[in-house]
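Single-letter residue listing:
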Amino acid sequence: MCPAGKKKRKTGYMPIGLFRRIIDQLANKDIVCLSLHKLGEPLLHPRIAEMISYAKEKRIKHVRFATNATLLTAELGREIIDADLDSITFSIDALSGQRYCPAGDRKNIFTRLDRNISTFIKLRNKKGKKPKIFMQIITMEETKDIIKQFIKKWAGIADDVMVKNVLSWAGEFNFGNRKQINRRLLCMNHLSQGVVNWDGKVSTCCLFDNNAGDIDGIIGDARKNSLDEIFYGTKRLELIISQLKGNYKSVPHCMRCPDWNDYLDRFRPARGSLQT
């Protein structure tokens, strides 16, 4: 369910100099949230705690990231708590080693994972109320029978438990569970997000994975231009205008993407169905 498994794109660590340049540009902006993850595992970055700390020093309101927690040692946990992280999401789609890791040393892998999260929660509780801790499970065929148990296990231990729809990653995967909607709307990702990848390339939204050299969703390069030049630039504005006009073919990955309609769930009435 993760496009990172395709391994066709280049991978790496965002240089700390580039990160600071980006944060410096955001320091005087009204940024709602800074997420330090996209297609990678943030705890792999050797300077993740320093990055959190720098963003908070520049008064970014809310700094967060999602992780699978496999690398979350007690030492690293203390570092990111001390760095003033605002929230952390543990994405764990299982309740047992057999479900989590179908091959290899299943029992020990999952036991360690469970211990990592429990230790972090204890460290956070000892320190204070930050970061907020969210447990997350994705709804899919492999998890639908354990979701209630998952919520029961973590409710009252974590600050909240989130159940999210599985993503197609702009059409990369076909899970066969996307309801077709006849009338499309402007995708909120294009209006609400700024996405800078590890190499400085800026993409249209967090679901664009730039797989196999695909460049239709790249709108700029933060190594060469300012964020203002990129996000107020011609390419992004043309994309938004095209979508407002209903021309979703203007960007191929948008045309085949069903994930935009997840936003409709926020406005869907409790009873009845959304008219399309």
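Residues numbered from 1 in each chain as written. Predicted model: local features only at pLDDT ≥ 70, side-chain atom pairs only at ≥ 80, totals over all residues. Heavy atoms only, no water.

Observations regarding the packing of helix α1 (residues 16-26) against helix α2 (residues 48-57)
In the contact formed by α1 and α2, the axes pass within 10 Å of each other and the chain directions differ by 20 degrees. Viewed along their axes, α1 and α2 adopt a mutual orientation that is roughly parallel. Seen along the crossing, α1 lies across α2 with a hand that is right-handed. Of the residues in α2, those in contact with I16, F19, R20, I23 and D24 of α1 are E50, M51, Y54 and A55. Grouping the constituent residues of the contact of α1 with α2 by class yields six nonpolar, no polar and three charged. (Axes fitted to C-alpha atoms, helices over the stretch in contact; angles between N-to-C directions. Helix = DSSP H or I, 4+ residues; strand = E, 2+ residues; numbered from the N terminus. Parallel < 35°, antiparallel > 145°, perpendicular 65-115°, else oblique. Left-handed = near helix turned anticlockwise from the far one by under 90°. Contact = heavy atoms within 4.5 Å. Nonpolar A, V, L, I, M, F, W, Y, C, P; charged D, E, K, R; others polar.)

Re the environment of A66
Relative to the assigned elements, A66 resides in strand β2 (residues 63-67). On the basis of relative accessibility, which here comes to 19%, the residue A66 falls in the buried class. Placed 69 residues apart in sequence, A66 and M135 show a C-alpha to C-alpha distance of 9.6 Å. (Buried < 20%, exposed > 50% of the residue type's maximum accessible area, 1.4 Å probe, protein only.)

Here's the deal with the environment of C254
Tracing the backbone shows C254 in helix α10 (residues 252-255). Residue class for C254 comes out buried when judged on its relative accessible area of 5%. Considered as a pair, C254 and F208 are 46 residues apart in the sequence and their alpha carbons are 8.8 Å apart.

A short note on unusual backbone geometry
Residue P131 is reached from K130 by a cis peptide bond, and omega for that bond is -5 degrees. Its location among the elements puts P131 in the loop between α5 (106-127) and β4 (132-139). The backbone of A69 sits at a positive phi, close to 70 degrees, despite the residue not being glycine. Turning to its location among the elements, A69 is positioned in the loop between β2 and α3 (74-82). A positive phi angle, near 80 degrees, is found at D84, a position not held by glycine. Mapped onto the fold, D84 is located in the loop between α3 and β3 (87-91).

Some points on the pairing of β3
Where burial is concerned, most of β3 is hidden: four out of the five residues are buried. As paired strands, β2 and β3 are joined by four bridges and run parallel to one another. Within β3, the residue paired with A66 across the bridge is T89. With respect to chirality, the unit in which β2 leads through α3 into the neighbouring parallel β3 is right-handed. The sheet contact formed by β3 and β4 spans five bridges and is parallel. Its bridge partner lying in β4, S87 is registered against K132. (Pairing = 2+ DSSP bridges. Right-handed = clockwise from strand over helix to strand, strands pointing away.)

Digging into the sheet that holds β3
Strand order in the open sheet formed by five strands is β1-β2-β3-β4-β5, and the pairing between neighbours is parallel. With one partner strand each, in any of the chains shown, β1 (34-35) and β5 (160-165) form the two edges of the open sheet. Each of β4 and β5 touches helix α6 (residues 147-154); the most contacted strand, β4, lies at about 170 degrees to it.

Remarks on the sheet that holds strand β7 (residues 201-203)
Taking strand neighbours across the sheet as the criterion, the three strands line up as β6-β7-β8 in an open arrangement whose pairing is antiparallel. Since the sheet does not close on itself, it has two edges, and those belong to β6 (195-196) and β8 (218-221), each with one partner. With three bridges joining them, β7 and β8 adopt antiparallel strand pairing. In the strand pairing of β8, V202 is matched with G220.

Here's the deal with α6
Residues of α6 that are buried: I147, F150 and W154. Projected down its long axis, α6 shows its buried positions confined to an angular sector of 60 degrees, all on one face. The outward face of α6, more than 90 degrees from its buried face, is lined by the exposed residues K148 and K152. Positioned one or two residues after α6, G156 has a phi angle of 90 degrees, which is positive. (Arc of directions from axis to C-beta.)

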